[in-house]
Amino acid sequence: MKKPFVTKKQVDEIVKTYPTPFHIYDEKGIRENARKLKEAFSWNKGFREYFAVKATPNPFILKILQEEGCGVDCSSMTELMLSEAVGFKGSDIMFSSNVTPAGEYKKAAELGAYINLDDYTHIEFLEEAAGIPETICCRYNPGGVFSLGTHIMDNPGDAKYGLTKEQMIDAYKKLMAKGAKNFGIHAFLASNTVNNDYYPTLANILFELAVELKEKTSAHISFINLSGGIGIPYTPDKEPNDIMIIGEGVRKAYEKVLVPAGMDDVAIFTELGRYMLGPYGGLVATAIHEKHIYKEYIGLDACAANLMRPAMYGAYHHITVLGKENEPCTHKYDVTGSLCENNDKFAVDRMLPKIDMGDYIFIHDAGAHGYAMGYNYNGKLKSAELLLKEDGSVQLIRRAETAHDYFATFDFCDILKDMKY
Ligand SMILES: *Cc1c(COP(=O)(O)O)cnc(C)c1O
């Protein structure tokens, strides 16, 4: 059973200062999970998690992860700017971008970030934009389909990312000729895997590639970046990943492939987003309408602008009606937002306790790719982000958008000058 990390009583208090809807994050959960990840890979001397900023781009959250020893994975100018402002620099930053503008390579190079090239043609592009650094990473795409056992997980052959194996070999040679001395390998082959075999299988592929690259180019491989993709169980019936088993699986592959090749100094990096934050954030909304037509509807004061995954992917997000945790799920509802889009539904045909107007609805697992994917369609404003601190207090970590924010991009002219708000 999924249990919210806040109670109705706490939310009753919070709304006196911060009205719903809001995203709330659980500091304790974030820290404990980050420590566990570190422990799972403690066998590897250089291990480091580079948190994927795009999952939860909030400086207060980045600060917490920084305190837990994490770096950041960026892929845009503003993510680099945010990370710099929080105090990440040099080897704290992995720049894993694609279709990268020259200015972003320049910024990443100025910060001394690890640059992860998404394509062979980016070698010359980077050289022109910022020069070739001593340490550089290339993103690998093995093509075909990626499967675990008999189960096809994803389709790298269809993905826009990375270099082919032949290109990896040529890229390392070319980069060495241009002065690069240390190399990284990166790949992201499947998203939201709830399966302890993903990282170990990926590690095997990348470790074997590392040995081959070393043999063919004599490049020094200093790190292997397993990137993101460790998932979380959005549905209550799924077992969460066991990070200790995952870490041990990667260790076994390391012992089997890298150590015999004399490559026992390779650091393992990760770029997890969802796994680091997903379960430790929730969207809290209030039920403001009920509607009885061909189906039963509950309307919330939140909408897909606050959490897009259900509308975009039909993704399941578990829902708890706060204060009714122990009541039987006797009512079948569609739980919706207010967008003029019929896919603006947080849940379809969901069995829940009877919902009354004014009930608080806790939407689980919104901590990663939640607020971050928000948008302003229908003129909807993005919600606040709050932090439930370890001492039980609540801190505002991003205020809610106002109409001023929404109209701010017309501030170059006076067409809205008479607007009253
Ligand atoms: C999105 C992304 C991640 C994080 O993915 P999760 O599924 O959140 O773990 C890591 N690296 C890169 C390059 C990404 O694009």
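What you see is a predicted model, and the numbers here were worked out from it, not measured in a lab.

Take the environment of Ala253 next. Relative to the helices and strands, Ala253 is located in helix α9 (residues 243-258). Here Ala253 falls in the buried class, since its relative accessible area comes to 4%. Taking the C-alpha atoms as reference points, Ala253 and Lys89, 164 residues apart in sequence, are found 31 Å from one another. In contact with Ala253, not counting residues within four places along its chain, are Pro200, Ala203, Asn204, Phe207 and Leu258.

Looking now at the pairing of strand β9 (residues 182-186). The buried fraction of β9 is high, at four of five residues. Here strand β6 (residues 135-139) pairs with β9 via five bridges, running parallel. Each bridged residue has a counterpart across the sheet, and for Ile136 the counterpart in β9 is Phe183. Pairing between β9 and strand β10 (residues 220-225): five bridges, direction parallel.

Looking at the assigned domains, one finds that the chain contains domain 1 (27-278) and domain 2 (280-410). Across the boundary between the two partners, domain 1 contributes 25 residues, which contact 21 residues of domain 2. There are one salt bridge connecting domain 1 and domain 2. Note that Glu390 is salt-bridged to Arg31, the shortest N-O span being 3.6 Å. Counting across the interface, domain 1 meets domain 2 through 12 residue pairs in polar contact (both at pLDDT 80 or more). Of all elements in the fold, only α2 (27-40), α3 (59-67) and α10 (274-277) reach the threshold of two or more residues within the side of domain 1 that touches domain 2. In terms of residue count, α2 provides more of the side of domain 1 that touches domain 2 than any other element does, six residues in total. Across the side of domain 1 that touches domain 2, the residue classes break down as 13 nonpolar, seven polar and five charged.

Right, let's get into the nonpolar core. Counting 83 residues, the largest nonpolar core has Ile185, Tyr199, Phe207, Ile224 and Met276 as the members making the most contacts within it. Per-element accounting of this core gives the leading share, 10 residues, to helix α8 (residues 198-217). When residues are assigned to domains, this core turns out to be shared by domain 1 (27-278) and domain 2 (280-410), each giving three or more. Discounting residues that sit within four places of it in the chain, Met276 has contacts with Ile30, Asn33, Ala34, Leu37, Glu49, Phe51, Leu65 and Cys70.

Strand order in the closed barrel made by the eight strands is β2-β3-β4-β5-β6-β9-β10-β11, with parallel pairing throughout. Across the sheet, the axes of successive neighbouring strands diverge by a mean angle of 25 degrees, strand direction being ignored. Pairing between strand β4 (residues 93-96) and strand β5 (residues 114-117): three bridges, direction parallel. In the strand pairing of β5, Phe95 is matched with Ile115.

Let us now look at the site of the ligand. Close to the ligand lie 14 residues, the nearest being Lys54, Glu271, Gly273, Arg274 and His369. Between Ser227 and the ligand, the recorded distance is 3.3 Å, taken from a side-chain N or O atom to a nitrogen atom. Compared with its free state, where it exposes 390 Å², the ligand has 91% of that area covered by protein. Here the ligand is seated within the largest pocket.

Conventions adopted
Residues numbered from 1 in each chain as written. Predicted model: local features only at pLDDT ≥ 70, side-chain atom pairs only at ≥ 80, totals over all residues. Heavy atoms only, no water. Helix = DSSP H or I, 4+ residues; strand = E, 2+ residues; numbered from the N terminus. Buried < 20%, exposed > 50% of the residue type's maximum accessible area, 1.4 Å probe, protein only. Contact = heavy atoms within 4.5 Å. Pairing = 2+ DSSP bridges. Domains from an automatic or database assignment. Salt bridge = Lys/Arg side-chain N within 4 Å of Asp/Glu carboxyl O. Polar contact = N/O pair within 3.5 Å; in protein donor to acceptor, adjacent residues only side chain to side chain. Nonpolar A, V, L, I, M, F, W, Y, C, P; charged D, E, K, R; others polar. Core = buried A, V, L, I, M, F, W, Y, C linked by side-chain atoms within 4.5 Å. Axes fitted to C-alpha atoms, helices over the stretch in contact; angles between N-to-C directions. Near = heavy atom within 4 Å. Areas by Shrake-Rupley, 256 points an atom, 1.4 Å probe, with all protein chains shown as cover. 1 Å grid on protein atoms, 1.4 Å probe; cavity = no way out; pocket = protein on both sides within 12 Å on 5 of 7 lines; lining within 4 Å. Sits in = over half its atoms within 2 Å of the grid points.

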